[in-house]
Amino acid sequence: MLSPAKLNLFLAVTGRRADGFHDLVSVVAQVDWGDELTAERRDGGPSSLTCDVPEVPTGDDNLILRAAQAAGAADGWKFNLTKRVPMGAGLGGGSSNAAATLKLIGAPSAAEIAATLGSDCPLFLRSQPIVMRGRGERVSALPASAMARIEGRRVVIFKPPFGIATPWAYKQLAAGAPASYLPPEKAEAQLGAWLDDASRPLEELLYNNLEGPAFSKYPALPALLDAVRRRHGVAARMTGSGSACFALLPKADHALESGIVQSAREAWGSQTFCVACTLSA
């Protein structure tokens with residue numbers, strides 16, 4: 001089963017909650033690329049996980065086995081993960097793996113279980129772009145006019161050699177409060193204005209206030225994004241808490257995709273992770 005990556009097309013962190021988590025408003029779309037997860041029933045014994053990437057932990061702390069345990073499948077399953085989504089990227093790889101696990105084993109009450117595993121997990125139970133609110137557990141559909149502006153858009157995702165820990169990014173954002181947050185009424189107004197005007201392209205929706213702390217520590221991120229915008233004439237943003245970024249292409253264009261990949265590798269080195277894919281709807 002494909003365990004897809006996600007992109008935050010719009011991400012407004014609006015404030016810190018009493019429980020220590022953050023409230024947000026986010027438009028999130030999955031892409032047609034990601035990890036591959038398989039599940040096989042076996043006779044007895046604890047559920048287990050293997051992975052083709054040695055750096056991926058395969059013990060009980062992995063979200064795949066945590067999801068299985070939460071769904072009552074701590075025994076009798078063998079999972080195998082082919083890992084393509086880089087870690088520390090803000091692409092939702094672990095959360096997507098957890099949601100894929102719940103789907104593969106046919107977990108009852110999957111939505112309730114997903115909400116306990118991580119803020120991004122519930123979005124992966126749906127195949128279409130969605131709006132997330134709260135800490136991510138409140139998921140709602142987009143209107144047809146918005147879906148039409150998202151479906152099938154090509155993107156190039158590029159990630160530098162370093163990752164960014166999500167807890168660190170949110171801690172830095174909180175340190176800059178209240179100026180670092182986008183007030184909830186402004187976030188809803190900004191999103192609502194785009195949703196209500198079908199003539200506004202997807203490029204005008206892009207926003208992410210987690211770029212602030214990431215860019216302060218890692219100036220290589222804004223430097224490349226600015227270069228990509230100037231050189232290739234496309235909209236570009238960081239996704240989630242980073243460090244992965246993406247460029248939104250106006251249309252399918254292999255030469256443009258290759259040019260953006262070249263720009264990323266010229267800036268961040270030949271080993272820079274890059275992939276071209278399509279926003280799912």
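Residues numbered from 1 in each chain as written. Predicted model: local features only at pLDDT ≥ 70, side-chain atom pairs only at ≥ 80, totals over all residues. Heavy atoms only, no water.

Draft legend 1. Structural view of the overall build of the chain. Per the secondary structure count, the chain includes nine helices and eleven strands. The proportion of buried residues among the 281 residues of the chain is 53%. Long-range contacts, defined as pairs at least 24 residues apart, comprise 73% of the intrachain contacts of the chain with a sequence gap of at least 6. Accessible surface for the chain amounts to roughly 12000 Å². Of this, 52% is attributable to carbon and sulfur atoms. Counting 28 positive and 27 negative side-chain charges, the chain places the centres of these two groups 4 Å from one another. (Helix = DSSP H or I, 4+ residues; strand = E, 2+ residues; numbered from the N terminus. Buried < 20%, exposed > 50% of the residue type's maximum accessible area, 1.4 Å probe, protein only. Contact = heavy atoms within 4.5 Å. Areas by Shrake-Rupley, 256 points an atom, 1.4 Å probe, with all protein chains shown as cover. Lys, Arg positive; Asp, Glu negative; His and termini not counted. Charge placed at Lys NZ, Arg CZ, Asp CG, Glu CD.)

Draft legend 2. Looking closely at helix H9 (residues 254–268). For H9, spanning 15 residues, the distance from its first C-alpha to its last is 21 Å, which sits close to the expected 21 Å at 1.5 Å a residue. Taken residue by residue, H9 has Leu256, Glu257, Gly259, Ile260, Val261, Ser263, Ala264 and Trp268 as its buried positions. Taken together, the buried residues of H9 touch strand E7 (154–159), helix H8 (220–232), strand E10 (245–248) and strand E11 (273–278). (Expected span 1.5 Å × (residues − 1).)

Draft legend 3. A look at the side chain of arginine 149. In this structure, arginine 149 sits in helix H4 (residues 144–150). In this structure, arginine 149 is buried with no salt-bridge partner, the nearest side chain bearing the opposite charge being aspartate 197 at 6.2 Å. Side-chain polar atoms of arginine 149 contact the backbone oxygen of serine 145, separated by 3.1 Å. Residues contacting arginine 149, with those up to four places away along its chain left out, are Trp194, Leu195, Asp197, Ala198, Arg200 and Leu202. (Salt bridge = Lys/Arg side-chain N within 4 Å of Asp/Glu carboxyl O. Polar contact = N/O pair within 3.5 Å; in protein donor to acceptor, adjacent residues only side chain to side chain.)

Draft legend 4. Here's a closer look at empty space enclosed by the protein. By the definition in use, this model includes one cavity of 30 Å³ or more. In this structure, the largest cavity spans a volume of roughly 30 Å³. Every residue along the wall of the largest cavity is listed here: Leu2, Ser3, Pro4, Ser96, Ala99, Ala100, Lys103 and Phe124. Among the secondary structure elements, those contributing two or more residues to the lining of the largest cavity are strand E1 (2–16) and helix H2 (93–104). By residue number, the principal contributor to the lining of the largest cavity is H2, which donates four residues. Class assignment of the residues belonging to the lining of the largest cavity gives a composition of five nonpolar, two polar and one charged. (1 Å grid on protein atoms, 1.4 Å probe; cavity = no way out; pocket = protein on both sides within 12 Å on 5 of 7 lines; lining within 4 Å. Points joined across faces, edges and corners; volume = space filled by probe spheres on them. Nonpolar A, V, L, I, M, F, W, Y, C, P; charged D, E, K, R; others polar.)

Draft legend 5. Summary view of the packing of aromatic side chains. In total, this model carries six aromatic pairs according to the counting rule given. Judged by centre distance (6.0 Å) and plane angle (50°), the rings of phenylalanine 158 and tryptophan 268 are tilted. Of this pair, phenylalanine 158 sits in strand E7 while tryptophan 268 sits in helix H9; the two residues are 110 residues apart in sequence, bridging distant segments of the chain. Among the residues examined, phenylalanine 158 registers a relative accessible area of 0% and is labelled buried. Residue tryptophan 268 is classed as buried on the basis of its relative accessible area of 12%. Seen from their ring centres, tryptophan 168 and tyrosine 218 are 6.3 Å apart, and the 65° between their planes marks the pair as edge-to-face. Highlighted residues: tryptophan 168 in helix H5 (residues 166–175) and tyrosine 218 in the loop between helix H7 (211–217) and H8, separated in sequence by 50 residues. The exposure class of tryptophan 168 is partly exposed, given its relative accessible area of 23%. (Phe/Tyr/Trp six-rings, centres within 6.5 Å; stacked < 30°, edge-to-face > 60°.)

Draft legend 6. Molecular detail of the environment of serine 3. Mapped onto the elements of the fold, serine 3 is located in strand E1. On a C-alpha basis, the gap between serine 3 and threonine 101 in space is 9.0 Å, while along the polypeptide they are 98 residues apart. For serine 3, the contacting residues outside a window of four places in its chain are Gly34, Asp35, Gly93, Ser96, Asn97 and Ala100. Of note is the side chain of serine 3, whose polar atom sits 2.8 Å from the side chain of serine 96.

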